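# Observations on the three-dimensional arrangement
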Amino acid sequence: MNPEFERNVWLELTPRRTLMMAGLLALTFFAASLAEGVEWGPSGVASLLYYVLVVVWGSRNAAMSVVGEIRDRTWDTQRLSSLSAATMTWGKLFGSTIYNWLGGAICLVVMMTNLVTHLGPATAAAELVYYLGIGVIAQSASLLASLIAIGRRQAHSRLDQFVYQAFGLVAALAVYYIWSKAGPSISSSSRQAAADVIPWWGASMNAGAFLLTSLAIFAGWTLLGCYREMRLELKMRNGPLVWIAFLVFMGIYVAGFDAWLSPQMKAWDAVALRLLLAGTTYILLTYVMVLLEPKDHVHYRWMAGQIGAGHIANGLSGLQAWMMSYVATLVIGVALSLWLLHNVSVAGSGQPLVLAELGFITRDVALFVLMQTLPGRRRGDLGALAVLFVLYVLAPAIVDGLGAKSVLFVFFPQLFAPAWLGALAAWLQGLAVASAALTRLALDEKADVSA
Amino acid sequence: MIEVENLVYEYPTARALKGVSLRVPDQTITALVGPNGAGKTTLLRCLAALEYPYSGRVLIDGLDTSHSPRDIHARMGYLPDFYGLYDDLTVRRCLTYAARSHGIASDAAPRAVEKAAGRVGLLDRLDSKSGELSRGLRQRLGIGQAIVHEPHVLLLDEPAAGLDPQARRDLSSLLLTLRDGGMTLVVSSHILAELEDYCSEMIIIENGLIAGGKAIKVRDDDRPRYMIELATARSDLREFLVGHGADVVEADQVHALIVFTRNPGARAKLVRDLVGAGFDLASFGESSKALEGAYFAQVGRTP
């Protein structure tokens, strides 16, 4: 047996706790079966308890599975074990939540008994997959969030722990929403009539099959993310290929939904819309990852040193996800600009707008790096967010209030900005902030070496 | 064998190690000492492949920590200065988990657990919960977990902190037994007198560098340390001793700490020569605080 899983079983499934869970649930279902006027009955109560035990409580336990080890000062000992990253990941993911799964399994037995009796085994099987899936996705998303956060710092407040759990809960809500659209319409009154088809890459996909396949693929990416983050914790280096593969997947996946945009953007052809969707996805990923990942100036200098010394592969092994997402954004942005350039009839002011957006994203990611190199860098991300709030919200509001709408292109891409001036302003800001960040990194190195 | 070459390690706020080079031979116990914040724990974490060097390299049994961290983890035992135990598990289960997570098969684990428990004197506590153990017994369990898989290299960060005198003596015996069994140990500690009982070499870390640039031999059965005291000050004491084959660790006009052969005839001759040269010899004897003397002779000299 996986030693990490076994250790968790020793800690979580003591005879007293096991009996308590089984006894409490049995009493609850018995009471539900006796209560008059309760619409749900034992099966409905079991469904509710499953969400509480496996999704809500389970995601908390998953989020705490590594954070708790750090708090209790046992994590370094675990990192020095010879367990593989995969063994450690699934040992933690399912070991820390084994008590939740025990309760969930009891609830599932009650639910499935009811479903098989009333709706047949096929529906019961589909529901079983859904319930297992939502539990795994919620817990793995929470574990992934906590592992990403551990890379940034070792101290974790209760609020931080709640945030990691919240990632899992949001993922579970998304699954619940998708299932309400695509799953077999059964007991829950909240379920709406399922959409029949989803247009994707010009084809009409069966909605149920498409959404469930998507769900499975994203669950796979989440588990892979946990594994990759665990590798980093165990001091194994991750190459860039998996994140690049994820970017390619996301670009292709999201670009397929161009039919949703075409009614609003009739002047743009399918290729332009697909590039726009892929680019927008990469922009979002860039912002999310630059916020989540540690922006350690020592690491950046190490990368530069390795590349400078000709150890290219070594240096590239230190590439962070935000860097690759940023490059992908630039590539897609340039491709979109070129496409618009050669399709004059649909270009309009789109091309300068795209280039302006690339300039602004350059400014923003450089700002996150710059703020980490300034004194008091521990709160660098908050500082960067504050500056961005000023640049995107407060300053434009003031400028707008003063009646100077025509200069709003300085703050964010404007559809009606003077041709190319918006792009120029954005890139000037981007290059200025990037230069400042690079200068600070160089100054830091000199200071550290002379210390 | 542990080899460190020009190791530099940086935290985001400071450079903690500034080019440390050292070599720890097999089957030795090396003390790592120095003021608080000098970089001892950072160095141990780099040796344990828990941190990547910024530059330079660390080799454990020929494996580079930057390239083969997991292989190094498998052959490493490490007890951090602040460590936790699973308080709700019994000693047996704590040791079993440590053994299994280090790759010991489930059928071989009970034997490894019994052996480790026997080494750290916890055989009679195997079924006690670790949360019920005293400070000293918890320390033993921590060491037991670190050695259950018979590591080649054992790193201990302040292992004697909080232990009573008897427990410290037991710890010394245990470390010597482990060394004789084939392990290479690096022990960080503030308690110099205790280190003298079992360490063969001492590395003083100060301000991210090795004070004096190299390890200091703590104990050499063939060439121990002697303290010489004069009743009357002589400015040429150091030169005289160097001229007569002694390695002078430190010296002023009335005292000298030297390393010299244990051979009785040679020692008798040195004493005779000192007296013959007019030195007003008040005492000549093996130093009981050699490590402390060597430490304070080095600390503060780091550029």
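Up top you'll find the structure we're talking about.
So, here's what we can say about the structure. Keep in mind that what you see is a predicted model, and the values were worked out from it rather than measured.

Turning next to the sheet that holds strand S2 (residues 15-24) of chain B. All names here are of chain B. Here we have 4 strands laid out as an open sheet, ordered S2-S1-S4-S5, and antiparallel in their pairing. Either end of the sheet is taken by a strand with one partner, and the two such strands are S2 and strand S5 (63-64). Pairing between strand S4 (residues 55-60) and S5: 2 bridges, direction antiparallel. Across the sheet, the residue bridging to Ile60 is Leu63, located in S5.

All names here are of chain B. When you tally the buried positions in strand S3 (residues 29-33), you get 5 out of 5 residues, the bulk of the element. The two faces of S3 match: Ile29, Ala31 and Val33 on one face and Thr30 and Leu32 on the other face are all buried. Note: S3 against strand S9 (residues 201-206), 4 bridges, orientation parallel. Its bridge partner being in S9, Val33 is matched across the sheet by Ile204.

Moving on, we come to the packing of helix H1 (residues 3-12) of chain A against helix H5 (residues 85-95) of chain A. When two helices pack together, their arrangement is given by the angle between their axes and by how far apart the axes lie. Residues and elements named next belong to chain A. In contact at an axis separation of 7 Å, H1 and H5 are set at 20° when each is read in the N-to-C sense. Relative to H5, the element H1 lies roughly parallel. Here H1 and H5 pass one another in a crossing that is right-handed. Along the contact surface, H1 presents Glu4, Phe5, Arg7, Asn8 and Val9, while H5 presents Thr87, Met88, Gly91, Lys92, Phe94 and Gly95. Of the residues that constitute the contact of H1 with H5, the class distribution is 4 nonpolar, 4 polar and 3 charged.

Turning next to the interface of chain A and chain B. Opposite the 25 residues of chain A that make contact, chain B presents 28 residues. Residue classes in the side of chain A that touches chain B are distributed as 10 nonpolar, 5 polar and 10 charged.

About the thresholds
Residues numbered from 1 in each chain as written. Chains lettered and ligands numbered in written order. Predicted model: local features only at pLDDT ≥ 70, side-chain atom pairs only at ≥ 80, totals over all residues. Pairing = 2+ DSSP bridges. Helix = DSSP H or I, 4+ residues; strand = E, 2+ residues; numbered from the N terminus. Buried ≥ 20, exposed ≤ 12 C-beta atoms within 10 Å, placed from the backbone. Axes fitted to C-alpha atoms, helices over the stretch in contact; angles between N-to-C directions. Parallel < 35°, antiparallel > 145°, perpendicular 65-115°, else oblique. Left-handed = near helix turned anticlockwise from the far one by under 90°. Contact = placed C-beta atoms within 7 Å. Nonpolar A, V, L, I, M, F, W, Y, C, P; charged D, E, K, R; others polar.

Read these as layout, nothing more, since geometry by itself doesn't imply function.
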